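If you want the building blocks of each chain, they are given just below.
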Amino acid sequence: MSCIETIQSYGLRSIGLGERLLPRTDFTLCDQFVLIGSGMIWNLYFGLGALLLGFWASIGIALARNSENRFLRKPADWFVFIFRGSPLFIQFFFFYALFSQLPREGVPINLGVVQFTAETSWLTRAWGGALITLFLNTTAYAGEIFLGGLRSVPKGDLEAADAYGFSGWKKFRRITFPTMLRLAWPAYTNEAIFLFHATTLVYFSSFPARQQQGDALYYADYFASKTFNPFIPYPILAMYFILLTLAVVFVYGAIYRRLNRHLPSNQKRRIRYRPQLVR
């Protein structure tokens, strides 16, 4: 089988498209690159899904922790303390055990006029339960990061906003929120990188992969166990994550420059030609 045929057969295998059976013998370098790369689709799914959901949830957590209302502040404090204080690996096992206790036929919900049964089996699958676990974990860490940015907003900016008549939602949207993002974004970039790396823990958790459609580490471990040579599949896996990290740094760096576009230090200085006509 040529490399082009391997890409056609196994390029999307991790999501159920292409050949169902994995190669058994005569593993080529192309086989390992393609299948491990196919598994990266799931790592991207876990990372992007958790980041997109956790970004807004973490901002809500930061605002709740900065609130003077103790009924908002205390639950947010405990949420961050629990998820930052316990290992992510343990959280995977805990939530799988918790979701497994739900009835297989679903949870009946009665809303008066409307009655239905909520499906719960998807919570014990990797695409559902593992995503929820990563979402809660990154929400706690990012919430702490944005809280630091929120408390670091210069008082002069807030006083200037008051002087211009900004108040309430307009003050938060135009002054507080963008300044908080600008201050917290470098640390949040590190959290995004960590989250993508943490998606490899899904393979070791109890959440099962459907029909051998696992993530990148699943296929790397498969090749390492079949060939008894870990020095090919694992470096390939590391290379994919290095490329992913570079992509995250590039995208988040572009957003950071966008957030700081109004600062004088970020404006490119034009080169002016000034000939010296008189000495």
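Keep in mind that what you see is a predicted model, and the values were worked out from it rather than measured.

Chemist: How should the state of the cysteines be read in this particular structure?
Modeler: With the rule as written, the count across this model stands at one disulfide. Covalently, cysteine 3 is tied to cysteine 30 through a disulfide, its sulfur atoms 2.1 Å apart. Taking the sign of the S-S torsion, 80° for the link of cysteine 3 and cysteine 30, the bridge is right-handed. Of the two residues, cysteine 3 is situated in helix H1 (residues 3-10) and cysteine 30 in helix H2 (residues 29-65); the sequence distance between them amounts to 27 residues. Residue classification places cysteine 3 among the partly exposed residues on the basis of a relative accessible area of 39%. The exposure class assigned to cysteine 30 is buried, which follows from its relative accessible area of 15%.

Chemist: Honestly, helix H4 (residues 88-100) in this entry has me stumped. Any pointers?
Modeler: Residues lying three or four places apart along an α-helix face the same way, a consequence of the helix completing one turn every 3.6 residues. Along its 13 residues, H4 runs 18 Å from first to last C-alpha, staying within 8% of the 18 Å computed at 1.5 Å per residue. Burial in H4 covers these residues: Leu88, Gln91, Phe92, Phe95 and Phe99. For H4, the arc enclosing every buried residue in end-on projection is 105°, short of the 170-degree limit, so these residues lie on one face.

Chemist: Quick question: what am I supposed to make of the packing of aromatic side chains here?
Modeler: Between two aromatic rings, the relevant description is the distance of the centres plus the angle of the planes. Scanning the model with the defined rule gives 30 aromatic pairs in all. Judged by centre distance (6.3 Å) and plane angle (85°), the ring pair of phenylalanine 27 and tyrosine 222 falls under edge-to-face. Here the residue phenylalanine 27 occupies a position in the loop between H1 and H2, and tyrosine 222 occupies one in helix H8 (residues 216-227), the gap between them amounting to 195 residues. Assigned by exposure class, phenylalanine 27 and tyrosine 222 land together as buried. Between tryptophan 185 and tyrosine 188, the aromatic rings sit 5.4 Å apart at their centres with planes inclined by 55°, giving tilted as the arrangement. Here tryptophan 185 and its partner tyrosine 188 are both found in helix H7 (residues 168-198), three residues apart, which amounts to about one turn of the helix. Tyrosine 188 carries the same exposure label as tryptophan 185, and that label is buried. An aromatic cluster is built from Phe55, Trp56, Phe146, Trp185, Tyr188 and Tyr252, whose rings are joined through pairwise contacts. A cation over an aromatic ring shows up here: arginine 70 above the ring of phenylalanine 71, its NZ or CZ 5.8 Å from the ring centre.

Chemist: Sorry if this is basic, but what is going on with unusual backbone geometry here?
Modeler: The phi angle of most residues is negative, glycine excepted, and most peptide bonds adopt the trans form. For aspartate 26, which is not glycine, the phi torsion reads 55° and is therefore positive. Along the chain, aspartate 26 turns up in the loop between H1 and H2. You will see that phenylalanine 228, though not glycine, has its phi angle at about 55°, which is positive. With respect to the element layout, phenylalanine 228 can be found in the loop between H8 and helix H9 (233-259).

Chemist: Would you take a moment to explain the environment of threonine 199 for this structure?
Modeler: Residue position: threonine 199 is located in the loop between H7 and H8. For threonine 199, a relative accessible area of 0% gives the class buried. Ignoring any residue separated from it by four or fewer positions in sequence, one finds threonine 199 in contact with Asn43, Phe46, Gly47, Leu134, Asp215 and Phe241.

Chemist: What am I meant to see in helix H3 (residues 70-85) here?
Modeler: Taking 1.5 Å per residue, 16 residues should reach 22 Å; H3 reaches 21 Å between its end C-alpha atoms and fits that length. Of all the residues in H3, the buried ones are Ala76, Phe79, Val80 and Phe83. Each buried residue of H3 lies within a common arc of 95° when the element is viewed along its axis, so the set occupies one face. Exposed side chains of H3 directed beyond 90 degrees from the buried face belong to Arg70, Phe71, Trp78, Phe81 and Gly85. Looking at the buried positions of H3, the neighbouring elements they touch are H2, H4 and helix H5 (126-151). For H3, the side-chain oxygen to backbone nitrogen distance between the N-cap and phenylalanine 71 is 2.9 Å, and the N-cap itself is asparagine 69.

How each quantity is defined
Residues numbered from 1 in each chain as written. Predicted model: local features only at pLDDT ≥ 70, side-chain atom pairs only at ≥ 80, totals over all residues. Heavy atoms only, no water. Disulfide = S-S within 2.5 Å. Helix = DSSP H or I, 4+ residues; strand = E, 2+ residues; numbered from the N terminus. Buried < 20%, exposed > 50% of the residue type's maximum accessible area, 1.4 Å probe, protein only. Expected span 1.5 Å × (residues − 1). Arc of directions from axis to C-beta. Phe/Tyr/Trp six-rings, centres within 6.5 Å; stacked < 30°, edge-to-face > 60°. Lys NZ or Arg CZ within 6 Å of the ring centre and 35° of its normal. Contact = heavy atoms within 4.5 Å. Polar contact = N/O pair within 3.5 Å; in protein donor to acceptor, adjacent residues only side chain to side chain.

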